There are 2 protein chains.
Amino acid sequence: MELHILEHSLKVASIEKEGIEICTHGLIKLAFLASKTRCKFFSLTETPEDYTIIVDEEGFKGEGLSLIVPACFQASGALISVFTCATPSVTLELSVYLNISVFFFFSWVIFRLQVRERDLPMVMHTLSSEFTLFRVVNGETVAAHNLGITNGFVKPKLVPRPIIHPLSSPSNMFCVTSLDPDTLPSVATLLMDVMFYSGGIVVIQSHFRLFPNNVLFTSASGELWKMVRIGGQPLGFDECGIVAQISEPLATADIPAYYISTFKFDHALVPEENIQSVIRALRTESTAAQ
Amino acid sequence: MELHILEHSLKVASIEKEGIEICTHGLIKLAFLASKTRCKFFSLTETPEDYTIIVDEEGFKGEGLSLIVPACFQASGALISVFTCATPSVTLELSVYLNISVFFFFSWVIFRLQVRERDLPMVMHTLSSEFTLFRVVNGETVAAHNLGITNGFVKPKLVPRPIIHPLSSPSNMFCVTSLDPDTLPSVATLLMDVMFYSGGIVVIQSHFRLFPNNVLFTSASGELWKMVRIGGQPLGFDECGIVAQISEPLATADIPAYYISTFKFDHALVPEENIQSVIRALRTESTAAQ
């Protein structure tokens, strides 16, 4: 399997619900007017707690967000992209290989994990034993050199990973979809409405021309997803293994999941019809932790 | 000819170019998400000097603009709407009848003048001798009663009205067009781009369901207009007769004009092919003032 390490450094920032108004000017430009900005990657996730934005440095500085979003709420990282249909086993493999804090978010045909920039050489070393690594340099995809830097972490055999954070599942349903960038203008007012004026939960990810495969697929099945939120208190950026705790039992039960990290919490989207078995499986792991 | 006095009190406010970012959240809601707001009238005019917004009190307070836009840059007024194709002679008639400060702005099939609320009874008395006046009360159009209040101003016979403010005409051309509100979403990203991210000069007017005739027409001829700006220093809100000074010579020369007042200056749009004769006609009046 191939992993692509992209050349853009990303910022993760949290914007309070009440603070979104002063960021609207920059966020609308990033989300809807790609041709006016040099930003190559932008993601916005709205939860009841906050807005999480993930944006490359060009976008962060260029649109004045660096001046508005308080500096203490930022984290930097590099982006690793996996071009595959996301399956629980792939998530699991990546989770257990990385004994460092990672930031996971899925889009339709790719999924991405974000690691701290200083952890990147170590991550590459750890992953190189099982994955083919590529690096994007000045827009060209080249084979990535393994620098042999390790944190001494050895891939564990099946060790128990009890779930240590409380879980909750809201009653609402989620729809995961995707659209061609050319179609974006026709739904712009609708998206602006859900982004800034309606409350609720929404995830917007624009990756513009960042990925070689820019043909996106739209779900025709119209399936709905339910969410499991991981964490009672904000999780922070230092803890390892949270993704693995959730993805292992789901992989064992053969349940697909979309994993979305935000600034404060992690979220797993699972197919609506699986929610009861997901809760059963995860509750067993939670009990094991006590 | 009929004049309709609408029931909404309007605010005129000026937003500095650098200040537009913090107003984007409210302005986008007013311009593109009419169903989310109780605002019935919204107009935005961008010039090189500033943004002028004209909005009813619901929109001004509801979208938080009353907190953002400095109070000293606001003026209140009532709206009089004339349902007719705007012609120079109509502009002239209205201009010379009103010896008070008015705020003129045109849209495609109607034109509107805004007068201070305290001047309204006097304006109605003055206009009632030549126009049929209607008033909109709780959404119903009813005959307006003339309260017999006058400022003692008598319609002048042909008195000279020399132009006392300096004129300038930028080299750019203008397009005047109109679209059905249902079409708005399809051009939203384009309009947001010219409104907030491109500089230049743009006038956006949304009157939602305020006017009984909500069928708008689009120019098929694609004719272009040039602009004459009136004023070297900001004109203020107290001076009378500025519209008449400009509209009289244009009416005499039978040249149609779109008249647009902004917070700082007045602007007349005239057909591109007439610009030389307009400048000649107005220069004669300017010379007369010296």
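Residues numbered from 1 in each chain as written. Chains lettered and ligands numbered in written order. Predicted model: local features only at pLDDT ≥ 70, side-chain atom pairs only at ≥ 80, totals over all residues. Heavy atoms only, no water.

**Here's the deal with the overall build of chain A**
Working step 1: Counting its secondary structure elements, chain A contains eight helices and 14 strands.
Working step 2: The buried share among the 290 residues of chain A stands at 52%.
Working step 3: Across chain A, every contact between residues at least 6 apart in sequence was considered, and the portion connecting residues at least 24 apart equals 77%.
Working step 4: A total accessible area of about 13000 Å² is found for chain A, and carbon and sulfur atoms account for 55% of it. (Helix = DSSP H or I, 4+ residues; strand = E, 2+ residues; numbered from the N terminus. Buried < 20%, exposed > 50% of the residue type's maximum accessible area, 1.4 Å probe, protein only. Contact = heavy atoms within 4.5 Å. Areas by Shrake-Rupley, 256 points an atom, 1.4 Å probe, with all protein chains shown as cover.)

**Focus on unusual backbone geometry**
Working step 1: We note that Asp-254 of chain A has phi near 60°; this positive angle belongs to a residue other than glycine.
Working step 2: Tracing the backbone shows Asp-254 of chain A in the loop between α7 (242-252) and β13 (258-261).

**As for the pattern of salt bridges**
Where charged atoms from two side chains of opposite charge come close, those side chains can pair.
Working step 1: All chains considered together, the criterion is met by eight salt bridges over all chains.
Working step 2: A salt bridge links Lys-17 of chain A to Glu-46 of chain A, with the nearest nitrogen and oxygen atoms 2.9 Å apart. Placement of Lys-17 of chain A in the loop between β1 (2-16) and α1 (20-32) and of Glu-46 of chain A in strand β2 (residues 42-46) is noted, with a sequence separation of 29 residues between them.
Working step 3: A relative accessible area of 25% places Lys-17 of chain A in the partly exposed class.
Working step 4: Residue Glu-58 of chain B is joined to Arg-38 of chain B by a salt bridge in which the shortest nitrogen-to-oxygen separation is 3.6 Å. Highlighted residues: Glu-58 of chain B in helix α2 (residues 57-62) and Arg-38 of chain B in the loop between α1 (20-32) and β2 (42-46), separated in sequence by 20 residues.
Working step 5: Taking relative accessible area as the criterion, Glu-58 of chain B reaches 38% and is therefore assigned partly exposed. (Salt bridge = Lys/Arg side-chain N within 4 Å of Asp/Glu carboxyl O.)

**Digging into the relation of the copies chain A and chain B**
Working step 1: For these two chains of identical sequence, chain A goes onto chain B by a turn of 180° and a shift of 0.0 Å along the axis, with RMSD 0.0 Å. Read as a symmetry element, the transformation amounts to a two-fold axis.
Working step 2: The residues that chain A uses at the interface reappear at the interface of chain B in 100% of cases, marking a shared surface. (Least-squares fit on C-alpha atoms with pLDDT ≥ 70 in both.)

**Some remarks on the packing of α1 of chain A against helix α6 (residues 188-197) of chain B**
Working step 1: Interaxial distance between α1 of chain A and α6 of chain B falls to 11 Å at its minimum, and their mutual angle equals 135°. With respect to each other, α1 of chain A and α6 of chain B are oriented oblique. The handedness of the crossing between α1 of chain A and α6 of chain B comes out as left-handed. Facing Thr-24, His-25, Ile-28, Lys-29 and Phe-32 of chain A of α1 of chain A, the residues of α6 of chain B in contact are Thr-189, Met-192, Phe-196 and Tyr-197 of chain B.
Working step 2: Among the residues making up the contact of α1 of chain A with α6 of chain B, the classes are represented as five nonpolar, three polar and one charged. (Axes fitted to C-alpha atoms, helices over the stretch in contact; angles between N-to-C directions. Parallel < 35°, antiparallel > 145°, perpendicular 65-115°, else oblique. Left-handed = near helix turned anticlockwise from the far one by under 90°. Nonpolar A, V, L, I, M, F, W, Y, C, P; charged D, E, K, R; others polar.)

**Describing the nonpolar core**
Working step 1: Counting 49 residues, the largest nonpolar core has Leu-27, Phe-32 and Ile-53 of chain A together with Leu-27, Phe-32 and Ile-53 of chain B as its most contacted members.
Working step 2: Once you skip the residues sitting within four places of it in the chain, Phe-32 of chain B turns out to touch Thr-189 and Met-192 of chain A together with Leu-184, Ala-188, Leu-191, Met-192 and Met-195 of chain B. (Core = buried A, V, L, I, M, F, W, Y, C linked by side-chain atoms within 4.5 Å.)

**Points about the pairing of strand β7 (residues 132-137) of chain A**
All names here are of chain A.
Working step 1: Pairing between β7 and strand β8 (residues 140-143): four bridges, direction antiparallel. For Val-136, the partnering residue across the bridge sits in β8 and is Thr-141.
Working step 2: Connecting the antiparallel pair β7 and β8 is a turn made up of two residues, with Asn-138 showing a positive phi of about 50°. (Pairing = 2+ DSSP bridges.)

**A few points about the environment of Pro-48 of chain B**
Residue and element names in this part refer to chain B.
Working step 1: Tracing the backbone through its elements, the reader meets Pro-48 in the loop between β2 and β3 (50-56).
Working step 2: Overall, Pro-48 belongs to the exposed group, its relative accessible area being 55%.
Working step 3: Taking C-alpha positions, Pro-48 is 16 Å from Leu-235, a pair spaced 187 residues apart along the chain.

**Considerations on the interface of chain A and chain B**
Working step 1: On the chain B side, the residues contacting the 17 residues of chain A number 17 residues.
Working step 2: Taken together, both faces of the contact between chain A and chain B bury some 1800 Å²; the carbon and sulfur share is 67%.
Working step 3: It is His-25, Thr-189 and Tyr-197 of chain A in chain A that bury the most area against chain B; as a group they hold 39% of the surface buried on that side.
Working step 4: If you look at where chain A meets chain B, you find two salt bridges.
Working step 5: When the shortest N-O distance is used, the salt bridge between Lys-36 of chain A and Asp-193 of chain B registers 3.3 Å.
Working step 6: Counting across the interface, chain A meets chain B through six residue pairs in polar contact (both at pLDDT 80 or more).
Working step 7: For the side of chain A that touches chain B, the element with the most residues is α1 of chain A, which contributes seven residues. (Buried area = accessible area lost by both parts, 1.4 Å probe. Polar contact = N/O pair within 3.5 Å; in protein donor to acceptor, adjacent residues only side chain to side chain.)

**Section: the packing of α1 of chain A against α1 of chain B**
Working step 1: The interhelical angle for the contact between α1 of chain A and α1 of chain B, taken along N-to-C directions, is 85°, at an axis separation of 6 Å. Between α1 of chain A and α1 of chain B, the interaxial angle falls into the category roughly perpendicular. Across the interface between the two elements, Glu-21, Ile-22, Thr-24, His-25 and Ile-28 of chain A of α1 of chain A pack against Glu-21, Ile-22, Thr-24, His-25 and Ile-28 of chain B of α1 of chain B.
Working step 2: A per-class count over the contact of α1 of chain A with α1 of chain B returns four nonpolar, four polar and two charged.

**Examining the confidence of the model for chain A**
Residues and elements named next belong to chain A.
Working step 1: The predicted model of chain A has a mean per-residue pLDDT of 72, with 65% of residues at 70 or higher.
Working step 2: Here residues 83-87 is a poorly scored stretch, pLDDT under 50, and it has twelve contacts once near neighbours within four places are set aside; other chains count.
Working step 3: pLDDT under 50 marks residues 207-220. Its contacts with residues more than four places away, or in other chains, come to 35 contacts.
Working step 4: The ipTM value of the predicted complex is 0.71, and its pTM value is 0.75. (pLDDT = per-residue confidence, 0-100.)

**Considerations on the state of the cysteines**
Working step 1: Applying the stated criterion across every chain yields a total of zero disulfides over all chains.
Working step 2: With no disulfide partner, Cys-39 of chain B has as its closest neighbouring cysteine sulfur the one in Cys-23 of chain B, 14 Å distant. (Disulfide = S-S within 2.5 Å.)

**Observations concerning the side chain of Asp-56 of chain A**
All names here are of chain A.
Working step 1: Here Asp-56 is to be found in strand β3 (residues 50-56).
Working step 2: One buried charged side chain, Asp-56, makes no salt bridge at all; its nearest oppositely charged neighbour is Lys-40, positioned 6.5 Å away.
Working step 3: Only 3.2 Å separates the side chain of Asp-56 from the backbone nitrogen of Phe-41, close enough to count as a polar contact.
Working step 4: Setting aside its immediate chain neighbours within four residues, Asp-56 contacts His-8, Ser-9, Leu-10, Cys-39, Lys-40 and Phe-41. (Lys, Arg positive; Asp, Glu negative; His and termini not counted.)

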